[in-house]
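As a plain string of letters, each chain reads:
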Amino acid sequence: MAAMQKPPKRAPAKASLEWLGEIDAAISTASLRAGSDAWTIPEFTEAGRPTDFHDAWHPLIEKAVPNSIVLEPGRGLIITGSNMSGKSTFLRTVGVTVVLAQTLNTCPAGAYSSPRLKVRSAIGRSDDLTTGKSYYLVEVDAVVDLLRGSATPEQHLFLFDEIFRGTNTTEHLAAGEAVLEALPFDSTGQGRHLVIAATHDVELVQMLSSRYDPYHFEETVQPDGLTFDFKILPGPARTRNAIALLEIHGAPSQIVEQARRRVAELDSMEGADRS
């Protein structure tokens, strides 16, 4: 009769790998801290308290511009601004700061105070050719999953970049309003979650004014191009740069002038509708 084989000694090997992982994480954290003086140890508060970022910056951006914001449970921020002004980077900065606070106990910020948050986002969607899903259907699946998450008692931070931009203007405004109105609340109707939505749709600022505080980024158009300070400011955006970028990058002058005339006509029609 063959001798019985001894079971492999997996436990010591697993423990050794876990220790190596902890050492590697500690070295990486020490490297992050040594790379800048502008970091802090987070302060964690009880659920329901505000989340306060002071001078938060993105650790992967050279000479990153810091920004400060306070997020109240049950309320959201809606951020407008033109192309390249800093909206998407701000969303990522907020998300990265929360994740690093809760995993490495290290924040790329001057100060950070917050309850523990589950971070969920709908940023950077695309068509899924492997399943035959369009951009919009991929986005719908992601948003519905976030809505399910909002029904749970666990406090969330939801981040959105251009919600429902994959469909027509009328429906994406209506659907965006409905989703963003619902997300701050859990299944009991309590305002629990934090939501930040970046958008080019200035209409959403007024549509969500009872629940979302408006902020914006802006730019300065100069003869040799656009300049940005990447600082978040209160209130809705009042500048645009899409047609200016066409002109700066060499679009034919007749195209640029036609676009500007049409913008003036559309603005005058919108003003007449409001009056």
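Above this text you will find the structure in question.
This one's a predicted model, so the numbers in the text were calculated from it and none came from an experiment.

Chemist: Would you mind going over the sheet that holds strand 9 (residues 212-216) with me for this structure?
Modeler: Think of a sheet as strands paired side by side through backbone hydrogen bonds, with each pair either parallel or antiparallel. If you trace the six strands from one edge of the open sheet to the other, you get 6-7-8-4-9-12, paired in mixed fashion. Edge positions in the sheet fall to strand 6 (118-122) and strand 12 (233-234), since each of these pairs with one other strand and no more. When strand 7 (residues 156-161) meets strand 8 (residues 194-198), the two strands line up parallel, connected through five bridges. Residue Leu157 lies in a different strand from strand 8, and its bridge partner there is Leu194. Packed onto the sheet, helix 2 (residues 87-104) meets strand 4 (76-80), strand 6, strand 7 and strand 8 and runs at close to 160 degrees relative to strand 7.

Chemist: Hey, could you run me through the sheet that holds strand 3 (residues 67-71) in this one?
Modeler: Read across the open sheet, the four strands follow the order 1-5-2-3; overall the sheet is mixed. One side of each edge strand has no neighbouring strand; the edge strands of this open sheet are strand 1 (43-44) and strand 3. Direction of pairing for strand 2 (residues 51-56) relative to strand 3: antiparallel, over a ladder of four bridges. Directly across from Phe53, in strand 3, lies its bridge partner Ile69. Those strands touched by helix 2 are strand 1, strand 2, strand 3 and strand 5 (111-114), and its axis lies near 110 degrees from that of strand 2.

Cut-off values and rules
- Residues numbered from 1 in each chain as written.
- Predicted model: local features only at pLDDT ≥ 70, side-chain atom pairs only at ≥ 80, totals over all residues.
- Heavy atoms only, no water.
- Pairing = 2+ DSSP bridges.
- Helix = DSSP H or I, 4+ residues; strand = E, 2+ residues; numbered from the N terminus.
- Contact = heavy atoms within 4.5 Å.
- Axes fitted to C-alpha atoms, helices over the stretch in contact; angles between N-to-C directions.

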